[in-house]
Amino acid sequence: MTGYDTKIIEPKWQAAWAEAATFEAMRDEAKPKYYVLEMFPYPSGRIHIGHVRNYTMGDVIARYKLATGHNVLHPMGFDAFGMPAENAAMASGGHPKDWTYGNIDTMVDQMKPLGFGLDWSRMFATCDPEYYGQQQSMFLDFLEKGLVYRKEAIVNWDPVDMTVLANEQVIDGKGWRSGAEVERRELTQWFFKISDFSEELLEAIDGLDQWPAKVKLMQQNWIGKSRGLEFDFDRVDGGDPIKVYTTRPDTLMGASFVGISPDHPLAKELAEKSPAVAAFNSAATKGGTTEEALEKAEKLGYYTGIEVRHPLHPDWHLPVWIANFILMDYGTGAIFGCPAHDQRDLDFCRKYELPVIETFQSLDDPKMVDDVAFVPPKTEKVSWINHFAGLTVASGEEAVDATIAFAEEQGWGKGVVNYRLRDWGLSRQRYWGCPIPVVHCDACGVVPEKKENLPVELPYDEDGKPIDFSVPGNPLDRHPSWRDCVCPSCGKPAKRETDTMDTFVDSSWYFARFTAPRATTPTNMDDAKYWMNVDQYIGGIEHAILHLLYSRFFARAMHICGHLPESAIEPFDALFTQGMVTHAIYVTRDENDRPVYHFPEDVEIHESGARLGATGEDVEVVPSAKMSKSKKNVVDPVAIIDQYGADTARWFVLSDSPPERDVEWTAAGAEAAFKHLSRVYRISTDIAGGADAGSEDDALRQALHRTIHDVTMGIESFGFNVAIAKLYGFTNVLAKAKASHAARREAVMTLAQLMAPMTPHLAEEVWAMQGGEGLVANAPWPKADESLLVDDTVTLPIQVNGKRRSEITVSKDLPKDEVEKLALEDEAVKKALAGGQPKKLIVVPGRIVNVVI
RNA sequence: GCCCGAGUGGCGGAAUGGUAGACGCAGGGGAUUCAAAAUCCCCCGCCUUCACGGGCGUGUGAGUUCGAGUCUCACCUCGGGCACCA
């Protein structure tokens, strides 16, 4: 009998918070505002323990900030467009809209019992026409400001299903359903001009001082600013020169070929005339369009028969090759190869028997390049054996500068700054996304839809029946009535754009929409000014680049169009990237030795190993992996809440691992969390009995204030696991405390407050049991009394040559020379010195003493 | 392939360059109980020693430092991202 009945306690306090509208955010100029946001979920069907962890972290911050006197905005919504809804409709019938909204309902029902302090009144899904209509309106604004444009771009094409494939749907270069070899196809698509913001997005990273360094570094590398030389190679046959871009112009004397991308205009021109070139180009472009696929593919080359002149030695002719590892999207789509100082070029030259010419060698270890290219850091000084501007010893950096200056002076090349960042292609040839609000008219061309006609809503039916998703391809493309419309400009019959937007568009401004979710414009400036920026954003590291960079771009574009104040162009003040929840995988083998996976609840763990509960068969345990349905290593939060209550789930996901790292869900860990919470309840019940347990109040108060300090620091620094360890420690102290009833009551009430961000229901219950006023959720956060945090004496370890040999306990402010004297009198030190004198004596006040012999 | 991380007892982890292993789990011992559950108390890195103690120890190898889990370099393993997964 614990008396700790979560099935009664938790709904009771959830009702109390709802009644008091504790978490409904209203503008209040009198308080500092605080906007905390967790990356919103995709409505996959059911909530996942990973969601519990993510939202619990945000909730800890939200409740803590509320208690410290902030006006808190903590909203929740759904990132609801995307492929899984269409896949579900394809696989098992039904409609993406019904599937999505059904999932949202289920997930909201599952999230509410967790007791998150969320403002549910602001909830929306990105597939709500009210949301995506505003997104369409912004698209038209962007179009007007020149932030969106159309150009040709390459997509993965499945020649059997006759559809465009997402990268995820290309497996080993083949379509995931048809198994057909994927081809490339060029389509005219819409792009956001994010590349115009390359420099600004890069420079502003420095100001993101509350972002993890690793995320900033990844974004910097992604934008990829480089300085290099652009110049032409003249063709021996007099054709159009080939423009190349290189970041290592200093190695020009080591050039042995010129390479062009299979997508380069010259490669395409040659392919038209030569079936062999066409065959090569098509072979070289098989197998998916990801950078990874291109980089990992076998390096293939085709000699075009064209030769170009070396810019410094017109009689030196270099062959032009088409090579599959050259990206048309970066630089000019053409390079010169310098095999001595680039491993990829070297592999290519060895394969096709092209010359290898060194331009510099190591200063300490000069040797000829064999199978390993010599690629020192750009800052390392090297010995130049082949440089046109007369360098002898210089670093790569210096040589690049010298080369660019030389080329500009002679007029055959110019230094240019280049970025790796490409424009953001937003067109998707799919149904379940935000329709791009333009119309194609034979007479007027591409015409924006009128704003009064927004939203351009997705059609639900087709010919009076729900759309049939079993037919491959984009249903909008073949929709009989939706597609046909009138031109907003001339009024003649026209056709709607049938592409929808990338779902990254939806998630690039939802944080701004939360500040005024029902506004009839994308945002409301007053609300945006009040609530923005997001003070604390929390989400997975997998979004370190794309989502966060796109959102940074969008905030700037929205500012340009008058939808956000200038102060909000960096929308996320602080970022925290949390780890995943993992779980062991349980596997048995079938008769063909193929793996068969089992749910954790079907497995019994014994000391000797794991067995299937039903059959007793031995189970192989694969330690800790990301939870996935196919591996069945999932834990359903609903079952955990049913068994232990929400507070146990919340406590456990925070307790065992640092938040930025993965945490492994274990049944034993959840059990332990529940036991602890039951214990706190029991201690509270005991104290509520009213008896004194002794008179040692000072010791308890000192421990309490130390805990207030440590837990507060832990929450402020995202050290939730450490904060929880401190709470365990204090609970042990309180349980044993020989103190008065008054001191113990104060201690348990403060303990409840400190636990409230993590276990809000238990905290309210304890608070109420002790006769606390109002809700813990609204009670001001306790303050540590500084005078109780310092000890009068301190124990100093004594090291001899860095190894701990002894310790002395001294007064906190004993002078250094006194400490030295005491240290030298220590038995262990005397023994080590054996009568001699120490070489050095290091005393770090309050820390350590080190005797060097 | 390229970019970015992480690696500490049987396990999850703690540790402003200053006593490595806080706190929790598992394990061992004890109390309570007719018995069990629950609860409470104690022990718990490895090797060595009757004991006191000593040696080793933070993925591997080097380095900086009076002192390194922490800083630097190289390597190994695992994880995230690579622009149409969200």
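Here's a quick rundown of the structure. Quick caveat, the model's predicted, so the values are computed rather than measured.

### Overview of the packing of aromatic side chains
1) Next: Under the defined criterion, the tally for this structure stands at 49 aromatic pairs.
2) Next: With a centroid separation of 5.8 Å and an interplanar angle of 70°, the aromatic rings of Phe142 and Phe192 are classed as edge-to-face. Of the two residues, Phe142 is situated in helix H5 (residues 129-144) and Phe192 in strand E7 (residues 183-192); the sequence distance between them amounts to 50 residues. Of the two residues, Phe142 and Phe192, neither departs from the other in class, the shared state being buried.
3) Next: Between Tyr303 and Trp321, the ring centres sit 5.7 Å apart and the planes meet at 35°, which makes this aromatic pair tilted. Of the two residues, Tyr303 sits in strand E11 (residues 301-309) while Trp321 sits in strand E12 (residues 317-323), which places them 18 residues apart along the sequence.
4) Next: A connected cluster of aromatic rings, assembled from ring pairs, spans Phe40, Phe124, Tyr131, Trp509, Tyr510, Phe511, Phe514, Tyr537 and Phe572.
5) Next: A cation sits over an aromatic face here: Arg150 above Trp190, 5.6 Å from the ring centre.
6) Next: Lying over the aromatic face of Trp482, Arg496 brings its terminal NZ or CZ to 5.7 Å of the ring centre.

### Considerations on the protein's contact with RNA strand B
1) Next: Asn167, Glu168, Arg430, Arg847 and Asn850 are the nearest of the 63 residues found near RNA strand B.
2) Next: Backbone atoms, meaning sugar plus phosphate, form 62% of the atoms of RNA strand B positioned within 4 Å of the protein.
3) Next: The separation between a sugar or linking oxygen of RNA strand B and a polar side-chain atom of Asp79 is 3.0 Å.
4) Next: A distance of 2.8 Å is found between a base nitrogen of RNA strand B and a side-chain nitrogen or oxygen belonging to Gln189.
5) Next: Examining the composition of the surface near RNA strand B, we find that six residues originate from one element, helix H21 (residues 720-736), more than from any other.
6) Next: Looking at side-chain class alone, the surface near RNA strand B contains 25 nonpolar, 15 polar and 23 charged residues.

### Focus: the state of the cysteines
1) Next: Summed over all chains, the structure comprises zero disulfides.
2) Next: Cysteine Cys127 is unpaired, with the sulfur of Cys434 as its nearest cysteine sulfur at 11 Å.
3) Next: Cysteine Cys349 remains unbridged, with the sulfur of Cys338 as its closest cysteine sulfur at 8.7 Å.

### Details of the sheet that holds strand E24 (residues 484-486)
1) Next: Strand order in the open sheet formed by four strands is E21-E20-E25-E24, and the pairing between neighbours is antiparallel. For this open sheet the edge positions go to strand E21 (445-448) and E24, each flanked by a neighbour on one side alone. Across the sheet, the mean angle from the axis of one strand to that of its neighbour is 45°, orientation sign disregarded.

### Concerning the pattern of salt bridges
Oppositely charged side chains can form a pair if their charged atoms are brought close together.
1) Next: Going through the model one piece at a time under the given rule, you end up with 36 salt bridges.
2) Next: A salt bridge links Lys495 to Asp484; the shortest N-O distance between them is 3.2 Å. You can see Lys495 sitting in strand E25 (residues 493-496) and its partner Asp484 sitting in strand E24, a full 11 residues away along the chain.
3) Next: Lys495 gets classed as partly exposed once you look at its relative accessible area, which sits at 41%.
4) Next: Exposure remark for Asp484: the relative accessible area of 37% places this residue in the partly exposed category.
5) Next: Here Arg744 makes a salt bridge to Asp686, at a shortest N to O gap of 3.0 Å. With Arg744 in helix H22 (residues 741-755) and Asp686 in helix H19 (residues 667-688), this residue pair connects regions lying 58 residues apart in the sequence.
6) Next: Exposure remark for Arg744: the relative accessible area of 6% places this residue in the buried category.

Rules behind the numbers
Residues numbered from 1 in each chain as written. Chains lettered and ligands numbered in written order. Predicted model: local features only at pLDDT ≥ 70, side-chain atom pairs only at ≥ 80, totals over all residues. Heavy atoms only, no water. Phe/Tyr/Trp six-rings, centres within 6.5 Å; stacked < 30°, edge-to-face > 60°. Helix = DSSP H or I, 4+ residues; strand = E, 2+ residues; numbered from the N terminus. Buried < 20%, exposed > 50% of the residue type's maximum accessible area, 1.4 Å probe, protein only. Lys NZ or Arg CZ within 6 Å of the ring centre and 35° of its normal. Near = heavy atom within 4 Å. Polar contact = N/O pair within 3.5 Å; in protein donor to acceptor, adjacent residues only side chain to side chain. Nonpolar A, V, L, I, M, F, W, Y, C, P; charged D, E, K, R; others polar. Disulfide = S-S within 2.5 Å. Pairing = 2+ DSSP bridges. Axes fitted to C-alpha atoms, helices over the stretch in contact; angles between N-to-C directions. Salt bridge = Lys/Arg side-chain N within 4 Å of Asp/Glu carboxyl O.

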